[in-house]
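Summary of the model geometry
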Amino acid sequence: MKYNKLLVGLFLAILIFGCANRYLEQNDENSFDSNKGWNDFLYNSFDTISMHTLQSNAFSWKIISTSLLMYYNDKEGLKIDLKNLPMIFKKFGFMYPNSIKNLPSVESRLKYSPLGIVKGRTRLLNIFPVEGVNIGCASCHAGPVYDEEGVTTNQLWAGQPNTSINFEMYVNEVFNSLLYVVDQKKEFTKSLNNLYPEIGFLEKFTINHLLFNNYKKLIITMNEKLGRLAPYPLGAPGITNGVSALKYQLNIIEREKYNDNEVGFTSIPDISSRELRTSLLYDGVYAADNKHFYPRDEKEYKYSKKSIIKDHTRIISLFTVPTMGITLTQASQMHLEIDQIVEAIYEEYVPQQFPGQIDSNLAKKGRELYNNNCASCHGLYSDDQVRPKLISFPNKLSKLEEIQTDPMRAKAINSQLIKHLKDSKFEGVHAERTLGYVGTILDGVWATAPYLHNGSVPTLWHLLFPDKRPEKFLVGGHMLDYEKVGILHDKDDYLKYKKGYQPFSLPVIINTNLPGYSNQGHEIEFSTLTPKEKIALIEFLKLI
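Structure report, in brief. Treat the numbers as computed from the prediction; the structure is a model and nothing was measured.

Let's talk about the overall build of the protein
Scanning the protein from terminus to terminus reveals 21 helices and 21 strands. For a compact globule of 544 residues, the expected C-alpha radius of gyration is about 24 Å, and the protein comes in at 25 Å, within 12% of that figure. Expressed as a percentage of its 544 residues, the buried residues of the protein come to 56%. Carbon and sulfur atoms form 52% of the exposed surface of the protein, whose accessible area is close to 25,200 Å². Averaged over its 61 positive side-chain charges, the protein has a centre that lies 5 Å from the centre of its 60 negative ones.

Structure representation (structure tokens):
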């Protein structure tokens, strides 16, 4: 009897010690797991596959993969084979890298689905299994490594923008493929069985008798009312429309009527030095409290690192509502899932170094010009001659009447959206309509074309020579121009790429006459510079 009591006591002691030890590990300041953070950044769906998201942002993987292959078999003669899925997804700007250059310890998990398409499983009514896919961090924030000629390689750089990702094309082609198969259920079932012979009876029943019929009703209805899935433009290569996506999820915009003026477009930035921001996004709409705009330097970050990461993690949690289609309630708990990602980025991320040639003497002159003409908005960099580091950032808001760039993004943050967010009492997020833009952090700027907040200018040269900005230009799957710094076109024909170059995704024409794409503004800041001084400034920008 005493022996049994001793065993029970010993067992309880081990259990209590083990639980306490795990608690201490989870709450210890040194429990940060960099590898987990980066793996989650690249691959985690954060349990966002649910009945709710399957009716908004998420799709059944087996249904859309089968539908896309059938659709492109009819459209282009592509064989219905899973090995051909990468050819389709690459058209939309998704990536299939051989490796992640700045994360050599992170293993590739890619096969048929691309980087940025994250998978997860759920059960409808807790019975019927579904393998779903959603949009992950890396779809936008992992870009190609470029060689010394400006051509993309088979490697990616996690944290750099994917300036070819085209959600407008992706969602529209998924819609077109589903529209193609809804009246071909027998052929669809046959293709599904051939592509996925391992599917069990219950999952097959779920797809053929539950999901397929639901998709059919949705697609037919949306085709009659909109001719597409989204009631607003989703953007272009490297350009997204997150504010309209958020308003869609919150039922602020009409879902069954297309609005081509709902165009809060933003170009995807490099994610470096975000820890120095006191508010987030181009217009600084989100902050931890009502103080959105004040200077921050690296000393403050080091001193207040934990609180800054905590504040930013809560704000970034809100971004999962428009990107992954979850509810505000679910998103309010997402900070517990993504804190390792934010800390990994803030502690370890360094942008890809410019791979071309740099004239050091010219860059030295450019540094002085930058300090005198740009630093007051874009931040101060260290004196390092090889890799200057952003050491302080002013977080300065320039009102629309001052900066004079396209106003549509800033105006898309309307009073209705702000009220909705305030009424939701989303913890740790203060939303404010700013009617302006914060100076962009320029780390890694050489790889982030097209420029301005809405991606309306193809190169830094065109940015600094405003009268030369083209009315229309091609973007997507492009190589880089290391002289003008940006997208390389065929001489002065901005609707063609360099002769002989084969783009890795389908290019799209940016028309700066359309709502949301104006290429005007940001001109006074360097109006006093001579042409030679502008070239020197570009040379310095290659360094950072």
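Now, onward.
A word on the state of the cysteines
For the structure on display, the rule yields zero disulfides. Free of any disulfide, Cys140 has its nearest cysteine sulfur in Cys137, 9.3 Å distant. Unpaired in terms of disulfides, Cys374 finds its nearest cysteine sulfur in Cys377, a separation of 8.7 Å. Judged by its relative accessible area of 14%, Cys374 is buried.

Structural notes on the sheet that holds strand β1 (residues 59-60)
With respect to topology, three strands assemble into an open sheet ordered β1-β4-β3, the strand pairing being antiparallel. The open sheet is flanked by β1 and β3 (117-124), the only strands paired with a single partner. The sheet contact formed by β1 and strand β4 (residues 128-135) spans two bridges and is antiparallel. Bridging from a neighbouring strand, Phe59 pairs with Val133 of β4. Where helix α8 (residues 201-225) meets the sheet, it contacts β1, β3 and β4, and its direction lies at approximately 60° from that of β4.

Regarding the pairing of strand β5 (residues 142-146)
Remember that side chains alternate between the two faces of the sheet whenever the strand is regular. Extensive coverage of β5 is indicated by the burial of five of its five residues. Bridge count between β5 and strand β6 (residues 152-158): four bridges; the pairing is antiparallel. In the sheet register, Ala142 faces β6, and the bridge partner there is Ala158. Between the antiparallel neighbours β5 and β6 lie five residues, among them Gly150 with a positive phi of about 90°.

A look at the pairing of strand β20 (residues 493-497)
Summarising the sheet, strand β19 (residues 489-490) and β20 pair through two bridges and their orientation is antiparallel. What sits directly across from His489, in β20, is Tyr497. Remark: two residues form the turn of the hairpin made by β19 and β20, two consecutive strands paired antiparallel; Lys491 in that turn has positive phi of roughly 55°.

A look at a nonpolar patch on the surface
On the surface, Leu125, Ile127, Phe201, Leu202 and Phe205 cluster together into a nonpolar patch covering about 540 Å² of accessible area. By the element assignment, Phe205 lies in helix α8.

Some details on the sheet that holds strand β12 (residues 390-393)
In space, the three strands of this open sheet follow the order β10-β12-β11, with antiparallel pairing throughout. The sheet is open, and its two edges are formed by β10 (296-297) and β11 (380-381), each paired on a single side. Two elements, β10 and β12, share two bridges in a ladder whose sense is antiparallel. Within the sheet, the bridge partner assigned to Asp297 lies in β12 and is Ser392.

A look at unusual backbone geometry
Omega for the peptide link from Ala449 to Pro450 comes to 5°, which places this bond in the cis form. The phi torsion at Leu435 lies on the positive side, around 50°, for a residue other than glycine. Residues other than glycine seldom take positive phi values, yet His522 does so here, at roughly 50°. Structurally, His522 can be placed in the loop between β21 (508-511) and α21 (531-541). On the basis of relative accessibility, which here comes to 16%, the residue His522 falls in the buried class.

Points about helix α15 (residues 360-373)
Between its first and last C-alpha atoms α15 spans 20 Å; for 14 residues at 1.5 Å apiece the expected length is 20 Å, and the two agree. Inspection of α15 places Ala363, Gly366, Arg367, Leu369 and Tyr370 among the buried residues, and these make up the whole buried set. Those residues of α15 hidden inside the fold are in contact with α16 (375-378), β11 and α21. Of the residues that open α15, the one with a side-chain oxygen 3.1 Å from the backbone nitrogen of Asn361 is Asp359.

Considerations on the packing of aromatic side chains
With the rule as written, the count across this model stands at 26 aromatic pairs. Taking the centre distance of 4.7 Å and the plane angle of 25° together, the rings of Trp461 and Phe465 count as stacked. When its relative accessible area of 19% is taken as the criterion, Trp461 is described as buried. Among the residues examined, Phe465 registers a relative accessible area of 14% and is labelled buried. Stacked on the ring of Trp461, the Lys or Arg Lys484 has its end atom at 4.5 Å from the ring centre. Sitting above the plane of the Phe465 ring, Lys534 keeps its charged end 4.6 Å from the centroid.

Thoughts on the packing of helix α11 (residues 305-318) against helix α14 (residues 335-348)
Closest axis-to-axis distance for the α11/α14 pair is 9 Å, and the angle between their directions is 125°. Of the possible angle classes, the one that applies to α11 and α14 is oblique. Helix-helix and strand crossings are classified by hand; for α11 and α14 the assignment is right-handed. Counted together, Lys305, Lys306, Ile309, His312, Thr313, Arg314, Ile316 and Ser317 of α11 and His335, Ile338, Asp339, Val342, Glu343, Tyr346 and Glu347 of α14 form the full contact between these two elements. Here the residues of the contact of α11 with α14 sort into five nonpolar, four polar and six charged.

A few points about the nonpolar core
Ranked by internal contacts, the top residues of the largest apolar core, which has 105 residues, are Trp38, Leu42, Tyr286, Tyr370 and Leu541. No other element matches α14, which puts six residues into this core. If near-sequence neighbours (up to four positions away) are discounted, Trp38 is found in contact with Leu103, Val106, Ala158, Ala344, Ile345, Glu348 and Tyr349. Judged by nonpolar contacts, the second largest core, of 57 residues, contains Tyr96, Phe167, Ile219 and Leu226.

Calculation criteria
Numbering of residues begins from 1 in every chain and follows the order in which that chain's sequence is written. Predicted model: local features are reported for residues with pLDDT of at least 70 only, side-chain atom pairs are reported and counted for 80 or more only, and whole-chain, interface and lining totals are derived from all residues. Note: side-chain values were computed over all heavy atoms of the structure, leaving out hydrogens and water. Put simply, DSSP marks the helices as runs of H or I at least four residues long and the strands as runs of E at least two long, and each gets a number from the N terminus on. Note on method: radius of gyration uses C-alpha positions; expected globular size equals 2.2 Å times residues raised to 0.38. Between buried and exposed lies partly exposed: a residue is buried under 20% and exposed over 50% of the maximum accessible area for its type, with that area taken using a 1.4 Å probe on protein chains only. Calculation of accessible area relied on Shrake-Rupley with a 1.4 Å probe; when residues are assessed, cover is drawn exclusively from the protein chains displayed. Under the convention used here, Asp and Glu are negative, Lys and Arg are positive, and both His and the chain ends fall outside the count. Every charge is mapped onto a representative atom, which is NZ of Lys, CZ of Arg, CG of Asp or CD of Glu. Criterion for a disulfide: a pair of cysteine sulfur atoms at a distance within 2.5 Å. Strands were regarded as paired on the criterion that DSSP finds at least two bridges between them. Only heavy atoms matter for contacts: two residues are in contact if any of them lie within 4.5 Å across the pair. A fitted line through C-alpha atoms represents every axis, and for helices the fit uses only the stretch in contact; the resulting angles, taken between N-to-C directions, go from 0 to 180 degrees. Grouping into patches uses exposed residues only, defined as over 30% relative accessible area, and leaves out salt-bridged ones; the cut-off is 9 Å for like charges and 5 Å for nonpolar side chains (Val, Leu, Ile, Met, Phe, Trp, Tyr). Criterion for a salt bridge: a side-chain nitrogen of Lys or Arg within 4 Å of a carboxyl oxygen of Asp or Glu. Take the number of residues in a helix, subtract one, and multiply by 1.5 Å to get its expected span. Any N or O atom pair separated by 3.5 Å or less is treated as a polar contact, with the protein-specific requirement of one donor-capable and one acceptor-capable atom, and with residues adjacent in sequence counted only for side-chain atom pairs. Any two rings among Phe, Tyr and Trp, with Trp reduced to its six-membered ring, count as a pair given centres within 6.5 Å; such a pair is stacked if its planes are under 30 degrees apart, edge-to-face if over 60, and tilted if neither. Two limits define a charge over a ring: the Lys NZ or Arg CZ must be within 6 Å of the ring centre, and within 35 degrees of the ring normal. Comment on the angle field: the value is read as roughly parallel under 35 degrees, roughly antiparallel over 145, roughly perpendicular from 65 to 115, and oblique elsewhere. For any helix crossing, the convention is left-handed if the near helix is rotated counterclockwise from the far helix by under a right angle, and right-handed if that rotation is clockwise. Amino acid classes used here: Ala, Val, Leu, Ile, Met, Phe, Trp, Tyr, Cys and Pro are nonpolar; Asp, Glu, Lys and Arg are charged; the rest, including Gly, are polar. To qualify as a nonpolar core, a set must consist of buried Ala, Val, Leu, Ile, Met, Phe, Trp, Tyr and Cys residues joined through side-chain atoms within 4.5 Å.

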